[in-house]
Amino acid sequence: MAAASGSCASMEEFLNQCQQSGDAAYSALRLLLDRLEDPSTRIDARIFLSELHKRFESKEASDRCLQTYHFQIQDIFLEQYEGFQKRKKLTMMVIPSIFMPEDWSFTFYEGLNRHPDSIFKDKTVAELGCGNGWISIAIAEKWSPSKVYGLDINPRAIKISWINLYLNALDEKGQPIYDGEKKTLLDRVEFYESDLLSYCRDNQIELERIVGCIPQILNPNPDAMSKLITENASEEFLHSLSNYCALQGFVEDQFGLGLIARAVEEGISVLKSMGIMIFNMGGRPGQAVCKRLFERRGLRLNKLWQTKVLQAADTDISALVEIEKNSPHRFEFFMGLVGDQPICARTAWAYAKAGGRISHALSVFSCQLRQPNQVKSIFEFLRNGFDDISSSLDLYFEDDSVADEKIPFLAYLANVLKELSFFPYEPPAGSRRFRSLISRFMRTYHHVPVTADNVVVFPSRTVAIESALRLLSPRLAIVDEQLSRHLPRQWLTSLNIEKTESGKDFEEAITVIEAPRQSDLLVELIKKLKPEVVVTGMAQFESVTSSSFEHLLDVTREIGCRLFLDVSDHFELSSLPSSNGVFKYLAGNALPSHAAIVCGLLKNQVYSDLEVAFVISEEAAMFKSLCKTVELLQGNTSIISQYYYGCLFHELLAFQLADRHPPAQRNGAKTKALEANGFSNPTINVLDNAELAVNESEESPLVHMDVDQSFLPITTPVKASIFESFARQNITEPETDVTHGIKQLISNSYGFPSAANTEVIYADCAVALFSKLVLCCVQEGGTLCFPTGSNGNYSSAAKFLNAKIAIIPTNQEVGYKLTEETLTASLETIKKPWVYISGPTINPTGLIYSNEEINKLLSVCAKFGARVILDTSFSGAEFNSKDSESWNVGPTLEKLSSADSGFCVSLLGGLFSKMLTGGINFGFLLINQASLLETFHSFAGLSKPHSTIKYTVKKLLDLREQKREDLLSAISEQTEIVGSRYKQLKQTLETCGWEVLEAQAGVSILAKPTAYLGNTMKLNNQVIKLIDSSIREAMLKSTGLCINSPSWTGIPGYCRFTMALEDGEFKRALHCISKFKKLVELN
């Protein structure tokens, strides 16, 4: 075409070219667009369009033009309402290779009209699947948005849209048409080729409105959708883009809604907080399915308009028939427009084949994010490599209070998992952040001026109460009948309320008397029985004022009794908590030293069984002792559970101005207890001598090479499993049943048999299970036998629980392993032995028991009728054991099953080392002897893992069983990291004068400070002689590095160093070791 001047000759030339083919027509229109875009030829080109329109102005002429010249110019009547220029219609051009305006898009525009006029005014809008651009132009014409971006994956659609924009932005003489704000449609509308919202995402364009009328039927020829999309592609292929969609990797694909699902999730990423999305939804999958697509993604839904439209004759619904064939789902069609009984896709397909017309419902939905910032955070996390779990996400809640709790937590968890490469070290007393949030809540809402150093966190209220009683080991305790049900059976059945004889067993010394909750009856019992500890709650009517609490304080103080008051039933996680008499008292008075507050957090809106508890004590000695007790008996409270409740506290505090309220003024100084019951001498001695966590300040963080935790990067499968466990709703019991996976794991790893009589018991961590086993040993009058070179925390826990302990000597020549000879020699002199064996990986030495060695040790134990605790908790990270044979203890145990009836093997384990799952607390125990099981269950109060943790563990176990490459490679990579760390640490230690014990596996090694022993160094103006008992303190104070001393390892001279640190922390640890060498040399 030489020129589009409007002359008859050039018109004919143009039409002749268009008549050749659809591709030729598009080429002619492409040249016309070039002239429209050029300001020097724009007027002539627009006049040419006017003359072209006049030539085919009637409907008949327009239809003939499409058939003959492969394009069509038609008028689209907007409505009775006129645009800003009093226009009732738009003039639009279409070509066969793009989506042509029909009922589908007209219904969509009608739905847009249901919104008030202000919805698009001055807003930034994007239209998905704009086709020839008529809706984008209509929005700009009617509502004057700031900008409309018309987006389509079809490149020809974009070119035609630009032509239509010029066609309606300029009048018939080629002059701009200005609106009331002196702008033209060219100022308000732009068109871009874009796969959904990729253009906006790539150009960081934030949108306030997103509208979309996009395909919702899978292409019956999936391979066709994989072709490269260019403007030179065939007309048939380009047109199919407006009718069909490809699989998108979403669960909604099965209903043909995968493209809509992707559009919604992309929309969430670019939509402003108060933005609105509006989509056309064909009712073929059913209204419930359509609504579910939006609601599970955290969107509030509003149906603007619904009608029926005839199914486009050129759309093949055979893909829907295939879906029905392979699933129970049935699509919804109707026979004609008047039919009111739905028919399935197969019936609709057959009816259409026979010449009938089928229809389907068509709805226009408007949706907004219910908690925009949080939902956007969740989807940002999912886009960061976690698309696979998006199908599990469910953010629909009928109860707003549930949504207000869970969505913020999911957003917080998403941010934690995105930003943290590892779960950082947290003290056993509880996360510092969580304890600070609790104390801030108490100060802000109840004006009780406690600090984080007054708060100790426990896995549950029951564990907190039992731990306090074991710490104080009272002769007699009175416990509220509602709080005693999970205490050990032995305590509740004992009738020994008189003073015990000296030397009486600790376990027999505790007697618990159940008491009513009513304070006057409780006080009467206290006065008569004079217990040493009282644990009670308060009736609702007594909790409103402080008088009952003050009376209890006075009575217990008078007889020198410790008081633990449970406020769980009256503690509200609310911005308007009810009046509480206990907190009223504590706002004006210090908590007496003989009293403590216990609170179990269970009142969340989502998980009725997700519990964390805390104890408040303003007595420093009690606070420190409780911290040590929870460390010995429980390890750490689940960090994920602390995150959950921490998020609830944060939501209640975040909106408040800091330091708005003056500190509460209390009356007088702390009241001291008069001869209050102190700590048990045996237990306090154990706590004083145990080598436990070091208190550290936030300003001077320490490097921890003294804890059995992994601070290695959290692998992607672990992150995905954790998030999915909370993202899911209505998780079924089989989805959290980890028993098969655990049995499979130990069978494959150790050949350990799990017959029908084997029970698998779960806990938050292996430490808690070990503590219960120790109590079983004590109950049976057994002697717990530890090899020299065992886990120092375990041996301290056994001492704390008053177990009889025997140390089995081991020799350096065999790497401090148990041998057949040394075990036999020791067991010959011990009655009722309970033998603790850490293996295959030995903690703390890092050596491995071979299959032959463990089977020999088990045979010796069977000979003496010993009960064996086989601790596999630290096994799994074998970095230097290529030649070692895997365990297969099954045949040996089967052969020994007829041995002494006392012999049995209980297998203790966890996932810490097996999968290096830092942050997930999970322990398991397999017991296959009935009498031991009965004894074990008599010690109630075990804190069990929450269903979300079990879901996470089952997911990981299933991935392992399926040999999923991502999980196995992540485990392999982390094992390689540990092996590399071992070499680096060994080299640094040896360079600095330490004698290192060779290791094969695990996350710790032993080393002896040979070059330093006997030397002296000056610290804080004090000269310290470096010996076994002082090396840990000297290194800690001089460098900030925490290690375990020889008293912890049990091996004279050898300290323990753990290696599973974050990379930066590990480098810092190596620096500390070198620094220590220099400091010693300077002295």
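Residues numbered from 1 in each chain as written. Predicted model: local features only at pLDDT ≥ 70, side-chain atom pairs only at ≥ 80, totals over all residues. Heavy atoms only, no water.

1. Structural notes on unusual backbone geometry
Geometrically, the link from Gly839 to Pro840 is a cis peptide bond, its omega value of 0° lying close to zero. Position of Pro840 among the secondary structure elements: in the loop between β22 (833–838) and α33 (851–863). The step from Asn843 to Pro844 runs through a cis peptide bond, and the omega angle for that step is 20°. Inspection of the secondary structure assignment puts Pro844 in the loop between β22 and α33. Although it is not a glycine, Lys182 adopts a positive phi angle of roughly 60°. For Lys182, the location among the structural elements is in the loop between α7 (155–169) and α8 (185–188). Unlike most non-glycine residues, Lys530 shows phi in positive territory, near 50°. (Helix = DSSP H or I, 4+ residues; strand = E, 2+ residues; numbered from the N terminus.)

2. Quick word on the side chain of Ser1038
Here Ser1038 lies in helix α39 (residues 1031–1039). Of note is the side chain of Ser1038, whose polar atom sits 2.7 Å from the backbone oxygen of Ala1034. Contact partners of Ser1038, with chain neighbours within four places excluded, come to Met1017, Leu1019, Lys1075, Phe1076 and Leu1079. (Polar contact = N/O pair within 3.5 Å; in protein donor to acceptor, adjacent residues only side chain to side chain. Contact = heavy atoms within 4.5 Å.)

3. Considerations on the pairing of strand β28 (residues 1016–1019)
Burial of the side chains of β28 is restricted to one face: Met1017 and Leu1019 are buried, whereas none of Thr1016 and Lys1018 on the reverse face is. Note: β28 against strand β29 (residues 1022–1025), four bridges, orientation antiparallel. Bridging from a neighbouring strand, Leu1019 pairs with Gln1022 of β29. Hairpin connection between β28 and β29: a loop of two residues separates the two successive antiparallel strands, and Asn1020 in this loop has a positive phi of roughly 50°. (Buried < 20%, exposed > 50% of the residue type's maximum accessible area, 1.4 Å probe, protein only. Pairing = 2+ DSSP bridges.)

4. Thoughts on the confidence of the model for the protein chain
Averaged over all residues, the pLDDT of the protein chain is 88; the fraction at 70 or higher stands at 92%. Counted against residues more than four places away or in other chains, residues 1–8, with its pLDDT under 50, gives 19 contacts. Across residues 500–507, where pLDDT falls below 50, the model places 13 contacts with residues more than four positions away in sequence or in other chains. (pLDDT = per-residue confidence, 0-100.)

5. With respect to the sheet that holds strand β26 (residues 995–996)
The three strands lie next to each other as β26-β27-β31, forming an open sheet whose pairing is antiparallel. At either end of the open sheet lies a strand with only one pairing partner, and these are β26 and β31 (1055–1058). Where β26 meets strand β27 (residues 1004–1008), two bridges bridge the pair, whose relative direction is antiparallel. If you follow Glu995 over to β27, its bridge partner there is Lys1008. Here helix α38 (residues 965–991) sits on the sheet in contact with β26, β27 and β31, set at roughly 10° to β27. (Axes fitted to C-alpha atoms, helices over the stretch in contact; angles between N-to-C directions.)

6. Quick look at the nonpolar core
One finds Phe279, Phe294, Phe549, Phe723 and Phe922 to be the most contacted residues of the largest nonpolar core, which totals 175 residues. For this core, the element with the highest residue contribution is helix α16 (residues 400–419), accounting for eleven residues. Apart from residues lying up to four places away in sequence, Phe279 is in contact with Phe108, Leu128, Ile210, Gly212, Ile260, Ala263, Val264, Phe294, Ser363, Val364 and Phe365. (Core = buried A, V, L, I, M, F, W, Y, C linked by side-chain atoms within 4.5 Å.)

7. Quick word on the sheet that holds strand β12 (residues 476–480)
Ordered in space as β11-β17-β16-β15-β14-β12-β13, the seven strands form an open sheet in which the pairing is mixed. Two strands lie at the open edges of the sheet, namely β11 (455–458) and β13 (511–515), each paired on one side alone. Across the sheet, the mean angle separating the axes of adjacent strands is 20° when strand polarity is ignored. Pairing between strand β15 (residues 562–566) and strand β16 (residues 595–601): four bridges, direction parallel. In the sheet register, Leu563 faces β16, and the bridge partner there is Ala595.

8. Structural notes on the pattern of salt bridges
The full count for this structure, using the stated rule, is 44 salt bridges. Across the pair Arg370 and Asp400 runs a salt bridge, and its minimum N-O distance is 2.6 Å. In this pair, Arg370 is assigned in the loop between β10 (358–369) and α15 (372–383) and Asp400 in helix α16, connecting sequence segments 30 residues apart. Look at Asp400 and you get partly exposed, because its relative accessible area is 37%. Of the charged contacts, one joins Arg470 and Glu466 as a salt bridge, the two residues approaching to 3.1 Å between their closest N and O atoms. Of the two residues, Arg470 and Glu466 both sit in helix α18 (residues 461–472), four residues apart, roughly one turn of that helix. On the accessibility criterion, Arg470 (1% relative accessible area) is buried. Accessibility expressed as a relative area gives 5% for Glu466, which makes it buried. Bridged by salt links that share partners, the residues Lys121, Asp179, Glu181 and Arg188 form one connected network. (Salt bridge = Lys/Arg side-chain N within 4 Å of Asp/Glu carboxyl O.)

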